[in-house]
Amino acid sequence: MKYFAPIILMCVTFWVFVPPVFSAKITFDAQAEATTNGQPLVVQVSVDPEGVSLSSLSGSFSFPSALFDVGDITTQSSIVSIWVVRPQVSQERSFNGQTRVVFEGIMPGGFTGVQSPYYEGVRPGVVFTVSLLPKSQGTGTFLLDSLELHAFSPTGELLPVASYSQTISVPH
């Protein structure tokens, strides 16, 4: 019985203080502040497999409806070759004031990163690009969530992936 308490304490400490390990990540690249001259804010969503071969991905990118309208969504230069759900504005009603762009795609043969003779190693690949048109001033959060990445393997295992967010402001 005297050995039971230290084992429980060690397990609880490990569970509380060790962060989860994520094997791949989906992120976006956007300026933290939109321009004041009405130019579109271009957001590029990309995936970094971090050493894992990926076969499919899905998720949603959301932004404040009060601050932006969608100008254009493009899949040009995308690493996804087969779209199950091409990136598009979701028709589901949002009660949190966010507009959602949903996406789901497949990469036959797997994706391990973008390779080039001009640099060593691999780099993340573009999933899609969305142009957002500022319509009012304020601050809001861009969010990538409901994310799923599947490994390119016989079982197509679901890989752990974290949500990603960034605060964006639209000045006067």
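What this report covers is the structure whose coordinates are included nearby. Only a predicted model underlies this, so the values are computations on that prediction, with no experimental measurement involved. (Residues numbered from 1 in each chain as written. Predicted model: local features only at pLDDT ≥ 70, side-chain atom pairs only at ≥ 80, totals over all residues. Heavy atoms only, no water.)

The subject of this paragraph is the pattern of salt bridges. Counted according to the given criterion, the structure contains three salt bridges. For Glu50, the salt bridge goes to Lys25, with nearest N and O atoms at 3.5 Å. In this pair, Glu50 is assigned in the loop between strand S2 (41–48) and strand S3 (54–64) and Lys25 in strand S1 (residues 25–29), connecting sequence segments 25 residues apart. Given the relative accessible area of 41%, Glu50 is considered partly exposed. Using a relative accessible area of 38% as the deciding quantity, one classes Lys25 as partly exposed. Arg100 is the partner of Glu92 in a salt bridge, and the nearest nitrogen-oxygen pair spans 3.4 Å. Note on Glu92: relative accessible area 59%, which makes it exposed. (Salt bridge = Lys/Arg side-chain N within 4 Å of Asp/Glu carboxyl O. Helix = DSSP H or I, 4+ residues; strand = E, 2+ residues; numbered from the N terminus. Buried < 20%, exposed > 50% of the residue type's maximum accessible area, 1.4 Å probe, protein only.)

With that out of the way, let us pick up the sheet that holds strand S4 (residues 68–74). With respect to topology, four strands assemble into an open sheet ordered S1-S2-S7-S4, the strand pairing being antiparallel. Looking at the sheet topology across the chains shown, the edges are occupied by S1 and S4. When strand polarity is set aside, the average angle formed by the axes of neighbouring strands in this sheet is 25°. Two elements, S1 and S2, share five bridges in a ladder whose sense is antiparallel. In the sheet register, Thr27 faces S2, and the bridge partner there is Ser46. (Pairing = 2+ DSSP bridges. Axes fitted to C-alpha atoms, helices over the stretch in contact; angles between N-to-C directions.)

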